[in-house]
Every structure is written in structure tokens, then in C-alpha cells.
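Residue-level listing of the chains:
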There are 2 protein chains.
Amino acid sequence: MYNIGIDVGGTSIKAGLVEDGNITVKSSRDVRKACGFKEVIEDIEYVIDEILKKKKIKIEDISTIGIGIPGVVDKTGCVNCVNLGLKGDPLELKLKEKFPNIKIVVENDANVAAVAEYKYGSMKGYDIGVMLTLGTGVGGGIIINGKPFSGAHGIGSEIGHIILDSNFYTCNCGNNGCFETFCSATAIIRYAQKLIKEGRETLIFNMAKGDIEKITAKMVFDAYKKDDEVARDVVRRFKEYLLKGIMSVIHFIDPEVISIGGGVSNASDIILEGLEEKIKKRVIYNGNGVAKIVIAEFKNDAGILGASAL
Amino acid sequence: MYNIGIDVGGTSIKAGLVEDGNITVKSSRDVRKACGFKEVIEDIEYVIDEILKKKKIKIEDISTIGIGIPGVVDKTGCVNCVNLGLKGDPLELKLKEKFPNIKIVVENDANVAAVAEYKYGSMKGYDIGVMLTLGTGVGGGIIINGKPFSGAHGIGSEIGHIILDSNFYTCNCGNNGCFETFCSATAIIRYAQKLIKEGRETLIFNMAKGDIEKITAKMVFDAYKKDDEVARDVVRRFKEYLLKGIMSVIHFIDPEVISIGGGVSNASDIILEGLEEKIKKRVIYNGNGVAKIVIAEFKNDAGILGASAL
């Protein structure tokens, strides 16, 4: 019997057959933006079918299908996701109807990434772990006693939306001061843009060929390595708030491990430098030890691996 | 068989015999500040002995002794508490030696209060609950699946130390911007003092007979009811940050219920007014429902009741 993991993203649906923690067959399909429930189901069926064809197996050979969704999933597997046009649609139930003999599990994608790291990667062996995905936004996944935790109504572990300070721009969620407005790739870009608009000179502007809309987080980290002053200010601010966010995670959940993933974690040498020492100084009591900070192992495959292990 | 609950505070140790959720016999003793491990053990033995004498029973009639401590308790029951002069002392082990046939459980006092509310009070029937004790500081207690949760090293649920903003004074823990520097009785008093020092006129100053050191949170709430402008500013700021703190609790843990206790909760009519509507507007998705906000049922007896139920 085989397990399939499906990673439903805002732009593509990716699926994989996972054997012993390895993806042996892959399939993917682009999704239409805010397409709706019927189309999402069709796309999921399509990628499952592709997997079966490639592996030359039948649907009867599948025991579990796990699905990660970039949205809020309630206890009954109903999903709300603006990017896919899902408004409380009963995804888990519908797939159970289509595949009656297969175990179907639907989870929020950040929790799915946390499961991948817990099961196969950087959080393996730890009972309490928190995953922070620093990408376009900040995603959070909580593992307690080996299981993903998303609270009573599916809106827990939305750590990107804990509030850290007042900020110069408002979060997509409508609030001001969310963690993700300080510590995402978007946050890095917007603060660099702000400093440039204020007249600061920087290598970043040349890297972006004079178009601030083309600035990326990578450019900021590259300029930082060249001692660029604006880049240093942007990185200093980013690191200050990453520390604050992590301190809130520790004083809330006190995990054994915090795993940092997402595109920004590619600059791990810069973002981790000095972090653990500062945490030890700021924590209210460290006599019993404090969470270890690690970089996530899986990049693009976390969604498939985690979903297959749900 | 009987259960004893012991509430070790910074100024007194209180114990009670709890039968069917009621405290039938009480005993207490003042403690010396930062007295040390030996003295704390002596005081605990003293209050237990008093209970036995008053009830005319023997130590063999006791099955469980639960103890709440205002400090960090690790997995092995070792305790760190500045106010009592405890530095990683093996409290649970020592009491197990003294009372070998009795189950001994030691927990952080905020978690103990949460257990009392879960077992007998405002959080009864809810599997995931968070208790916020707004007193001199802000204490936090987390209940997950009926059990207190304090993380991997005993420093979880320290919700008073999640960071919400920058503040004009530094927290006792050494960090700036902790929840408790915005939403404790101390925070209310300090902000009122700040506004008075800045030259604002207010009834609060008269209530304190011209001595700002005598200001209490109750005076601020009393002045608020008399439409005092400074009191309104203090309460507005308090409520703004209470909302921010609760939003972080929701986006982190997403509990079914949040119970607010501590001295500040006596002004429940003021602090709860409009709160649930604002939460519903600010939460990232409320289609599945959102935490209910309630006022804690137990005041002084929460420690004894909760400890007896550990």
C-alpha cells in the first residue's frame, strides 16, 4: 500500500507518491487563481490519476491521501482559502466520497511543512516543535506530542499574525504590527524600498536596475555581505523582530526546537548569527534549557512529504 | 481519601482540603521573603499538619497533594522562584521523600489557576482554554485537552512576556514591550502616573490624596466611570493592548475560551465592553467561530482548588 501527499499551492497543485520518506513519483498541475471548489477537486483527481499512471498502480493500492492547503481548515476538513476561491467547502468529505476506501486528511500547509520536518527532517525526535516559514508571508506550524496543532477553530498556529509592534504598513489580514510585516521577504523588500524612497543610497538600487519594484530579499542579503549600509539597517531590523517573534514563541509554547524555513532561510548564515546567544539572554529563565534554533531541511518537497505523513 | 491543594504565594502559603470541589478546611502561614528551600518545605509541612489536625484525620487519609508555585517548574518538579529564594530546588522529590505514599504534583501557579477554572469554573467543559490573570503582572495558563501545558522546559504559557509593542518602561524580566507592561494593574498605575507627571489634571490625583505612589488600578476605573479624561486615556490604552494580546493568543493557540482573572478583572464591565465584537473583526478568519471571553470565577481560592485537582 502507498501514501500520496498533495501540496495545493496558490499557483500549482503538486502530488507525490512517498515511500520510506522519499518521493518516488511526482505529478503537478497549474491551478487557476480563485478557481473554486469544483476545479480544485478536479485538479486533485488529475494529479492523483497521473501518479497512478506513472507508477502503474491502481487506486486500490493507495491507503492514505494527505492534502496541505494554504488556508484555514476546520475539524471536519472544510476549507476556507481566498486564493483558491474556497469558502468553507467540505474538501475532506468530498474526497472521501470519491475515494471511499482511502484515508483522507486535510491540513493547513504550514502545519504540513511542520509535519514533514518532524517526521523526516530538522524537528525529528522532538515532541514539541514550532516551524516558522519566512517567505512571502510568515507561516507557522506547531507540533505537540508529534501531532500538528491548530487550535479549536483551525486558526491556531497562525504565528505570522501575532502582533510585535506598530509598523509603517498594514498587514494583508487588516491588522497592524503582525510578525509577518517585519520578518517575511515582503517585509524586507518593503523596508528597503522605504529607505530608498527616503533618499538613502544603496547597492540594492543598482542591483534592481533602478526599479524598486524589482528588489528581492536576496538582493538585500547580497548587499549586506558587501557592507552596504541600507542593507545592514534592513537586516538589523529584520533580526531584531525575528528575535522578538521567537521570544513570544518561547514564552508561549516553549518548544524543544524552532525550525526556520521559507525563502528567507536561504540566508541562514546571516539570520542565525548571534540569535541563540540573544535568546538565552532574553528568556525569563533558562536554567532548564531553551529551544534549539535550526534551519528546515526541506524546501519545495515539504508539502508533499508532510501531507503524505499526516 | 482526601486531596490537599497548596497555594504557595510570595507572602503566604495557603492550603485547603478539597471535597467535591469545595474547600472544607483551610490553613495558612506567612512566609519570609526569599527564605529558601528548607523554610518552604517546613512551611508546607506546617500547613498540611494544621489541615490534618483541624479535620481530625491522619496523613494516611490523604491521596494527593498538589502545589502551585509562583515560579518556573521543570518536568521533574524542580522549582526556580526568586521571591521564595528557590534556585532549581527539587521540591517535588523532597516532598515525595517526606510523604512516600502520597501523589505529589508541583505546577506553576498561573497554570494551577487555569486548572481550577477548567475543573470547576469558567472554563469547565472546554478542551482548549487560556487563562489570563491580570494582577500585579500578567500570568498565563494554558489548558490543552484538559491538562496544563507549560512547554518543554517549564517556561511556556508565560503569556505576560509575549511582546506587543515598544513601551515607555522596561519589564521586570529585562525585556521591553511585554504584554504585562501594558495590561497589568502595574501598567495601569504607571501610565496614569506618567500622564499626571506630564501635567494632565485628573480626579485620580485627588483620589490618591496628591501622592501618585498611592494610585491604584481601582482608582483609575472609578475615575473612568466619572468621565475623567486621563482615566479614559489610560483605559483606552489598556483595552487596545488587551485586544492585541488576545489576538496573539487566538492566532497562536486558538482556544475555545479565554478566561480573564486577577484584580483587574473586577472591572469586568469596563474591560469586556466591546471586546468580543473587536476580536471578531480582527481575527484572520472567523467562519468557524472564535474564542469566547469570560471572567474567571475564583478569586483567592483558585490556587487551592486548582492545586488539589492537579
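What you are looking at is a predicted structure, and each value in this text was computed from that prediction instead of being measured. (Residues numbered from 1 in each chain as written. Chains lettered and ligands numbered in written order. Predicted model: local features only at pLDDT ≥ 70, side-chain atom pairs only at ≥ 80, totals over all residues. Heavy atoms only, no water.)

(A) Main features of the interface of chain A and chain B. Each side of the interface is counted separately: chain A has 44 residues, and chain B has 44 residues. Here chain A meets chain B over a buried area of about 4000 Å², counting both sides, of which 63% is carbon and sulfur. Remark: the boundary between chain A and chain B carries zero salt bridges. Across the contact surface, chain A and chain B share 28 residue pairs in polar contact (both at pLDDT 80 or more). Mapped by element, the contributors of at least two residues to the side of chain A that touches chain B are β10 (138-144) and α8 (229-252) of chain A. If you tally residues by element for the side of chain A that touches chain B, the top one is α8 of chain A, at seven residues. Classifying every residue of the side of chain A that touches chain B gives 23 nonpolar, 14 polar and seven charged. (Contact = heavy atoms within 4.5 Å. Buried area = accessible area lost by both parts, 1.4 Å probe. Salt bridge = Lys/Arg side-chain N within 4 Å of Asp/Glu carboxyl O. Polar contact = N/O pair within 3.5 Å; in protein donor to acceptor, adjacent residues only side chain to side chain. Helix = DSSP H or I, 4+ residues; strand = E, 2+ residues; numbered from the N terminus. Nonpolar A, V, L, I, M, F, W, Y, C, P; charged D, E, K, R; others polar.)

(B) Main features of helix α1 (residues 37-55) of chain B. Residue and element names in this part refer to chain B. For α1, built from 19 residues, the straight-helix expectation of 27 Å at 1.5 Å per residue is met to within 8% by its first-to-last C-alpha distance of 27 Å. Among the residues of α1, those classed as buried are Phe37, Val40, Ile41, Asp43, Ile44, Val47, Ile48, Ile51 and Leu52. On the buried face of α1, the contacting elements are β1 (2-8), β2 (12-19), β3 (22-30), β4 (62-69), β7 (86-90) and α2 (91-98). (Expected span 1.5 Å × (residues − 1). Buried < 20%, exposed > 50% of the residue type's maximum accessible area, 1.4 Å probe, protein only.)

(C) Representation of the relation of the copies chain A and chain B in the model. Mapping chain A onto chain B calls for a rotation angle of 180 degrees and an axial translation of 0.0 Å; the resulting RMSD is 0.0 Å. Such a turn and shift between the copies fits a two-fold axis. Relative to the rotation axis, the closest C-alpha in chain A is found at Asp165 of chain A, a distance of 1.9 Å. A shared interface surface links the copies, since 100% of the contact residues of chain A are contact residues in chain B too. (Least-squares fit on C-alpha atoms with pLDDT ≥ 70 in both.)

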